[in-house]
Amino acid sequence: MSASDGWLIAVAGYAILLAWPLSTVILVWFAVHYTGTHRASVVNKALASGGGKPEHFWIIVPALNEEAVVANTVNAALGLRGPAGTLARVLVVDDGSDDRTPDVLAAIDHPRLHVMRRELPEARQGKGEALNAAYRFIARLTADEGVAADRVVLGIIDGDGQGSDNILVEVGRLMGDSRVGAVQVQVRIRNRDKLLGAVQDLEFGAIVDASQNMRNALDTVGLGGNGQFSRLSTLISLGTAPWSECLVEDMELGLRMHLQGVSIRYTSRASVTQQAVVDIKRLTRQRTRWAQGNLQCARYLGSLFQSGNIARTSLIEILHYLVSPWANAIIAILLSLTGTAGFLGLLIGHPVPFLPTWLSLGVSIGVWVVVSTFPGLIWVLVHRTKRGDESLSRMLLAALAYPAFLLLGLTATYRALGRQLTGKQSWAKTERLVEEPLALQAA
């Protein structure tokens, strides 16, 4: 390898590193600028289209061994009010719990609460199957009541989730546009007094929010497992089992909707809060499951290319979302190997052309540190500007911990690939933390 080749490798390596903060700047523009300039046009379009505003809301709570949190989740859901004071009905799917979840639910006496108990072997077949059972129950009941399916909305709030007071009003507003088949609300973290919780709130409250705002502009909004709301008629168009066995059944549902030309909107004016995973081992396990689910969704790549319902710019963004975690994992290995080779070459007195001196190695390490730290600090400013509900000191700590958080994500990606290649699909659920009880809502 010549010195010129080494120089080209070094430039390419720096370009790859600098691409990340550059993409951060683009997302920051959407985070800060998009809401103010585009939300009004989205709402006006919904109002102009009219005819699609929902009149009935169901909140589905999938519950498997959720005794620590399910009472608060149910009580919070029962208190939600929709447009014109519409009251939501709550359907809890007890998916074969063997803790005190059935007892906790039995103690809640409320006319708008429905509990569906699933027993083995039908139970514990994954979150998707639990949601499918709830969907089929609601579809039958809706038909029996003579209600139009396009006037009914099903919202998914996880066992530890709590929706903001305006969540149904905001969803109803966006679904005034009859072309909108689903809405995803912002996700926030409740227990962000812990460092890992603060980092995850930085992720959801700033980074994911900016990404979803960009997808709003491109009409590629993705659905999350918590805080997704779908029109019943849209789910019916997907068959008797809209959710699959995929480990990220929410993401797959969003892809299937896009393939059918269904519009999905995102809003940060309403939110659902959830508990952060504040244990490193459990957090790695959670992110490994997400990464493996992302890998499973790669089977849709062919359908996405062939679909006539997805614009080219939208297709590029979806492909980036599906492929980028794996591209990042490969790039991380290549950069690590390059740095290691450069260090060893200097150590034994035979430097490689792209890192010929200790100074060049030091500069490279400095660039890596800056590139790794810069995005987190920028996102703290975004978080403070848009959310304004956390201290600067705590969020700065979260920013400094963010590079390690990303490293954990890379580790999860490698683990996910190993699990997928060895055919491992089973998962233990995420444990919950006990919280102070909420008051039961009036009928």
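These numbers come from a predicted model, not from an experiment. (Residues numbered from 1 in each chain as written. Predicted model: local features only at pLDDT ≥ 70, side-chain atom pairs only at ≥ 80, totals over all residues. Heavy atoms only, no water.)

Undergrad: It is not clear to me how the pairing of strand S8 (residues 263-274) should be interpreted in this structure. Could you clarify?
TA: Within a regular strand, side chains alternate between the sheet's two faces. With 11 of 12 residues buried, S8 is to be regarded as a mostly interior element. Where strand S5 (residues 162-163) meets S8, 2 bridges bridge the pair, whose relative direction is antiparallel. Following the sheet pairing, Gln 162 is matched in S8 by Thr 273. Where strand S6 (residues 180-189) and S8 come together, 9 bridges link them in parallel fashion. Each bridged residue has a counterpart across the sheet, and for Ile 189 the counterpart in S8 is Gln 274. (Buried < 20%, exposed > 50% of the residue type's maximum accessible area, 1.4 Å probe, protein only. Helix = DSSP H or I, 4+ residues; strand = E, 2+ residues; numbered from the N terminus. Pairing = 2+ DSSP bridges.)

Undergrad: Sorry if this is basic, but what is going on with the packing of aromatic side chains here?
TA: Each aromatic ring pair is summarised here by two numbers: the centre-to-centre distance and the angle between the ring planes. Tallied over the entire structure, the rule returns 3 aromatic pairs. Between Trp 58 and Phe 137, the aromatic rings sit 6.3 Å apart at their centres with planes inclined by 90°, giving edge-to-face as the arrangement. Of this pair, Trp 58 sits in strand S1 (residues 56-63) while Phe 137 sits in helix H4 (residues 127-144), and the two are 79 residues apart along the sequence. By relative accessible area, which is 1% here, Trp 58 ends up buried. You can call Phe 137 partly exposed: its relative accessible area is 26%. Pairing Tyr 402 with Phe 405 gives two aromatic rings, centres 6.3 Å apart and planes at 25°, and the pair type is stacked. Taken together, the positions of Tyr 402 and Phe 405, both in helix H13 (residues 392-421) and 3 residues apart, correspond to about one turn of that helix. (Phe/Tyr/Trp six-rings, centres within 6.5 Å; stacked < 30°, edge-to-face > 60°.)

Undergrad: How do you make sense of empty space enclosed by the protein when you look at a structure like this?
TA: To find the voids left in a structure, one rolls a probe of water-molecule size over its atoms. In this structure the tally under the stated criterion is 2 cavities of 30 Å³ or more. The volume enclosed by the second largest cavity comes to roughly 30 Å³. Every residue lining the second largest cavity is listed: Arg 285, Gln 286, Arg 289, Trp 427, Ala 428 and Thr 430. (1 Å grid on protein atoms, 1.4 Å probe; cavity = no way out; pocket = protein on both sides within 12 Å on 5 of 7 lines; lining within 4 Å. Points joined across faces, edges and corners; volume = space filled by probe spheres on them.)

Undergrad: What is the right way to look at the packing of helix H6 (residues 195-218) against helix H9 (residues 280-296) in this model?
TA: Angle between the axes and distance between the axes are the two parameters that describe a pair of packed helices. Contact geometry for H6 and H9: axes closest at 12 Å, N-to-C directions at 25°. Classified by the angle their axes make, H6 and H9 are roughly parallel. Note that H6 runs across H9; the crossing there is right-handed. Facing H6, whose interface residues are Leu 196, Gln 200, Glu 203 and Phe 204, H9 presents Ile 280, Leu 283, Arg 287 and Trp 290. Grouping the amino acids of the contact of H6 with H9 by side-chain chemistry returns 5 nonpolar, 1 polar and 2 charged. (Axes fitted to C-alpha atoms, helices over the stretch in contact; angles between N-to-C directions. Parallel < 35°, antiparallel > 145°, perpendicular 65-115°, else oblique. Left-handed = near helix turned anticlockwise from the far one by under 90°. Contact = heavy atoms within 4.5 Å. Nonpolar A, V, L, I, M, F, W, Y, C, P; charged D, E, K, R; others polar.)

Undergrad: Whenever I open this one, H6 confuses me. Can you help?
TA: Note that an α-helix has 3.6 residues per turn; residues three or four places apart therefore point the same way. With 24 residues, H6 should reach 34 Å at 1.5 Å per residue; the first-to-last C-alpha distance of 33 Å fits that figure. Along its length, H6 shows its largest kink, about 30°, at Val 208. H6 sits mainly inside the fold: 20 of its 24 residues count as buried. The positive-phi residue at the C-terminal boundary of H6 is Asp 219, with phi of around 60°. (Expected span 1.5 Å × (residues − 1). Bend = angle between axes of the 7 residues up to and from the residue.)

Undergrad: Help me out: how do you make sense of the sheet that holds strand S3 (residues 113-117) in this one?
TA: Ordered by their spatial adjacency, 8 strands build an open sheet running S3-S2-S1-S4-S7-S6-S8-S5, and the pairing between neighbours is mixed. For this open sheet the edge positions go to S3 and S5, each flanked by a neighbour on one side alone. As defined by bridge partners, strand S4 (residues 152-156) adjoins strand S7 (residues 228-231) across 4 bridges and the pair is classed as antiparallel. Along S7, the bridge assignment pairs Gly 155 with Phe 229. Its contacts with the sheet put helix H2 (residues 70-78) on S1, strand S2 (89-94), S3 and S5, and the angle it makes with S2 is roughly 160°. Sheet strands touched by H6: S6 and S8. Its angle to S6, the strand with the most contacts, is close to 155°.

Undergrad: So what exactly am I meant to see when it comes to the nonpolar core here?
TA: Nonpolar side chains tend to gather and get buried jointly when the protein is soluble and globular. If you look at the biggest cluster of nonpolar residues, it comprises 33 residues, and the most contacted ones within it are Ile 59, Val 74, Val 90, Val 92, Leu 168, Val 171 and Phe 229. In terms of residues, this core owes the most to one element, S6, which gives 5 residues. Those residues in contact with Val 74 that sit more than four places away from it in its chain are Val 92, Leu 105, Ile 108 and Leu 113. One finds Trp 58, Tyr 135, Leu 232 and Tyr 266 within the second-largest nonpolar core, a separate group that totals 27 residues. (Core = buried A, V, L, I, M, F, W, Y, C linked by side-chain atoms within 4.5 Å.)

Undergrad: Help me understand the pattern of salt bridges, please; the structure alone is not making it clear to me.
TA: Pairing is possible between side chains that carry opposite charge, provided their charged atoms lie close to one another. Under the criterion given, the structure shown has 30 salt bridges. Linking Arg 124 and Asp 98 is a salt bridge whose minimum nitrogen-to-oxygen distance equals 3.2 Å. Of this pair, Arg 124 sits in the loop between S3 and H4 while Asp 98 sits in the loop between S2 and helix H3 (101-106), and the two are 26 residues apart along the sequence. On the basis of relative accessibility, which here comes to 36%, the residue Arg 124 falls in the partly exposed class. (Salt bridge = Lys/Arg side-chain N within 4 Å of Asp/Glu carboxyl O.)

Undergrad: What is the right way to look at H2 in this model?
TA: The buried fraction of H2 amounts to 8 of the 9 residues, a majority that puts the element mostly inside the structure. Listing the buried residues of H2 in full gives Val 70, Asn 72, Thr 73, Val 74, Asn 75, Ala 76, Ala 77 and Leu 78. Tucked into the core, H2 has its buried residues touching S1, S2, H3, S3 and S5.

Undergrad: What is the right way to read unusual backbone geometry from this model?
TA: What you tend to see is this: most non-glycine residues have negative phi, and most peptide bonds are trans. For the peptide bond that leads from Leu 120 to Pro 121, omega is 10°, which places it in the cis range. Position of Pro 121 relative to the elements: it lies in the loop between S3 and H4. Even without a glycine there, the phi angle at Asn 65 is positive, about 55°. With respect to the secondary-structure elements, Asn 65 resides in the loop between S1 and H2. Its identity as a non-glycine residue notwithstanding, Asp 219 has a phi of 60°, on the positive side.

Undergrad: Just to check I follow, could you spell out a nonpolar patch on the surface for this structure?
TA: The grouping of Leu 195, Leu 377, Leu 392, Leu 396, Leu 397 and Leu 400 at the surface amounts to a nonpolar patch, some 530 Å² of accessible area in total. A residue is classified by how much of its surface remains accessible, and Leu 400, at 57% relative accessible area, is exposed. (Patch = residues over 30% accessible without salt bridge, like charges linked within 9 Å, V, L, I, M, F, W, Y side chains within 5 Å. Areas by Shrake-Rupley, 256 points an atom, 1.4 Å probe, with all protein chains shown as cover.)

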